Amino acid sequence: MMPDLVTPQESGDENRLTALALLAQQVRDLVDAVVLTDVGEEELKAVTAEVGALTDRLLTARRPSPLPHEIGPDGRFRNLGNAVTGGCNPHALPLVMDRTAEEGSRAEIAFRPVHEGPPASVHGGVSAMILDHMLGDAVAVSGRAGVTGTLTIKYRRPVPYGEPLVARSAVSRAEGRKTWVQGTIASPEGTTLVEATGLFITPSRWLNGDGPVEGSVNA
Ligand SMILES: CCCCCCCC/C=C\CCCCCCCC(=O)SCCNC(=O)CCNC(=O)[C@H](O)C(C)(C)COP(=O)(O)OP(=O)(O)OC[C@H]1O[C@@H](n2cnc3c(N)ncnc32)[C@H](O)[C@@H]1OP(=O)(O)O
């Protein structure tokens, strides 16, 4: 059911990708600093000008789209541009997945102040995004492929940032093009903070190899 993980368009030189991942991490630090800074107006204006100049430098050579789904040099699937797991995407935490065919997917998470929604806790949409990805990953690990059809989230406790948490997901049932999957975000001691259930569907357009990105396992 899962399309072959053929590289449609390679990310390019590995040393350059390492440098890009370091830049992405630096930008995450910059974003955190923006959220927490308390410097004065003149300093804010000066920093804004410097950051604008850096943006211009990066855009002197621009890709048409983020880094692709591909098989890395270690033989493993990767998507360095992904919004949740992409090491080269500053928006990503990034989430690092630990996968087994038997137990599904697991990831250790540390949210940051940049993810704040209600005071001192993580935005519910951010938790939902993480769980959407966790559920989709478990679908892929089970050897199937799909996009989110429905995602139901139950927020049981506020999710803190700045503390280690654990996300898990596993397939509960599969039938035809449909895969039902569930997941949680919990404290390391096992207290469930957020629960998710989802229905993932293999798009009919993927069945004849006509996916949005040839060879990808997800949209
Ligand atoms: C150790 C092994 C290691 C393995 C390596 C692992 C690698 C891991 C890699 C990567 C993990 C990545 C994880 C990513 C996670 C992120 C996921 C997202 O965020 S996905 C973006 C958001 N979702 C969309 O954008 C969908 C948009 N919607 C669509 O594309 C279509 O509507 C779609 C595909 C959902 C359905 O379209 P149709 O044409 O294919 O299917 P039709 O024929 O309409 O429906 C088929 C059946 O499904 C039901 N259905 C359709 N849509 C439904 C819906 N939204 N909810 C419920 N049921 C729905 C229908 O009622 C029908 O059911 P009846 O067969 O009659 O029983």
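The model shown is predicted, which means the values in this text are computed figures rather than measured ones. (Residues numbered from 1 in each chain as written. Predicted model: local features only at pLDDT ≥ 70, side-chain atom pairs only at ≥ 80, totals over all residues.)

What follows covers the overall build of the chain. If you tally the helices and strands in the chain, you get four helices and eight strands. Mapped in sequence order, the helices and strands of the chain form the string α-α-β-β-β-β-α-β-β-β-β-α. Its C-alpha atoms give the chain principal-axis dimensions of roughly 60 × 40 × 25 Å. The burial tally for the chain puts 28% of its 219 residues in the buried class. The contacts in the chain between residues at least 6 apart in sequence include a share of 66% that link residues at least 24 apart. (Helix = DSSP H or I, 4+ residues; strand = E, 2+ residues; numbered from the N terminus. Buried ≥ 20, exposed ≤ 12 C-beta atoms within 10 Å, placed from the backbone. Contact = placed C-beta atoms within 7 Å.)

So, on to the nonpolar core. With 28 residues, the main nonpolar core has I109, I130, L131, L135, A138, A167 and I185 as its most contacted residues. Contributing elements (two or more residues each) for this core: β4 (104-110), α3 (124-141), β6 (164-175), β7 (178-186) and β8 (192-201). A per-element tally of this core places α3 first, with eight residues. In this structure I109 touches L93, L95, I130, L165, A167 and I185, once residues within four positions along its chain are discounted. (Core = buried A, V, L, I, M, F, W, Y, C linked by C-beta atoms within 7 Å.)

Here the UniProt feature "domain: Thioesterase" (unreviewed entry) sits at residues 122-191. Within residues 122-191, the helical portion is 26% and the strand portion 43%, while the C-alpha atoms at the span's ends are 16 Å from each other. (UniProt positions renumbered as here; feature names shortened; annotations may be inferred.)

Turning our eyes to something else, we now look at the site of the ligand. Taken together, the neighbourhood of the ligand is formed by 21 residues, with G136, A140, G149, P203 and S204 sitting nearest. For the shell around the ligand, the elements supplying multiple residues, two or more each, are α3, β5 (147-155) and β8. No other element matches the six residues that α3 contributes to the shell around the ligand. Classifying every residue of the shell around the ligand by side-chain character gives 10 nonpolar, seven polar and four charged. (Near = placed C-beta within 6 Å. Nonpolar A, V, L, I, M, F, W, Y, C, P; charged D, E, K, R; others polar.)

Bringing the pairing of strand β3 (residues 97-100) into the picture now. Of the pairings in the sheet, the one linking β3 to β4 comprises four bridges and is antiparallel in character. Each bridged residue has a counterpart across the sheet, and for D98 the counterpart in β4 is R106. Between β3 and β4, which pair antiparallel in sequence order, lie three residues. (Pairing = 2+ DSSP bridges.)

This paragraph deals with unusual backbone geometry. Residue P94 is reached from L93 by a cis peptide bond, and omega for that bond is -5°. Tracing the backbone shows P94 in the loop between β2 (77-79) and β3. For A120, which is not a glycine, the phi torsion comes out positive at approximately 65°.

What follows is about α3. An ideal rise of 1.5 Å per residue puts 26 Å on 18 residues; α3 measures up with 26 Å between its terminal C-alpha atoms. Of all 18 residues in α3, 13 are buried, a share of seventy percent or more. (Expected span 1.5 Å × (residues − 1).)

Here we take up the sheet that holds β6. In space, the six strands of this open sheet follow the order β3-β4-β6-β7-β8-β5, with antiparallel pairing throughout. Both edges of this open sheet fall to β3 and β5, since each of them pairs with a single strand only. Averaged over all neighbouring strand pairs, the angle between strand axes comes to 20°, with direction disregarded. Its contacts with the sheet place α3 against β3, β4, β5, β6, β7 and β8, and it is angled at close to 130° to β7. (Axes fitted to C-alpha atoms, helices over the stretch in contact; angles between N-to-C directions.)

Should the pLDDT be low somewhere, the predicted coordinates at that spot are not to be read in detail. Per-residue confidence for the chain averages 91 on the pLDDT scale, and 90% of its residues sit at or above 70. In this model residues 1-8 is a low-confidence stretch, pLDDT under 50, and it forms 28 contacts with partners more than four residues away in sequence or in other chains. Taken together, the stretch residues 212-219 has pLDDT below 50 and engages in 25 contacts with residues farther than four places along the chain or on a different chain. Here the prediction assigns the complex a pTM of 0.92, and the interface score ipTM is 0.94. (pLDDT = per-residue confidence, 0-100.)

Mapping Q25 onto the fold places it in helix α1 (residues 14-36). Placed 65 residues apart in sequence, Q25 and P90 show a C-alpha to C-alpha distance of 6.4 Å.

Now for the environment of H115. As for its position among the elements, H115 is in the loop between β4 and α3. Here H115 falls in the buried class, since 21 other C-beta atoms lie within 10 Å of it. Between the C-alpha atom of H115 and that of T184, which follows or precedes it by 69 residues, the distance is 18 Å. Setting aside anything within four residues of it in sequence, one finds H115 in contact with V122, H123, V126 and Y161.

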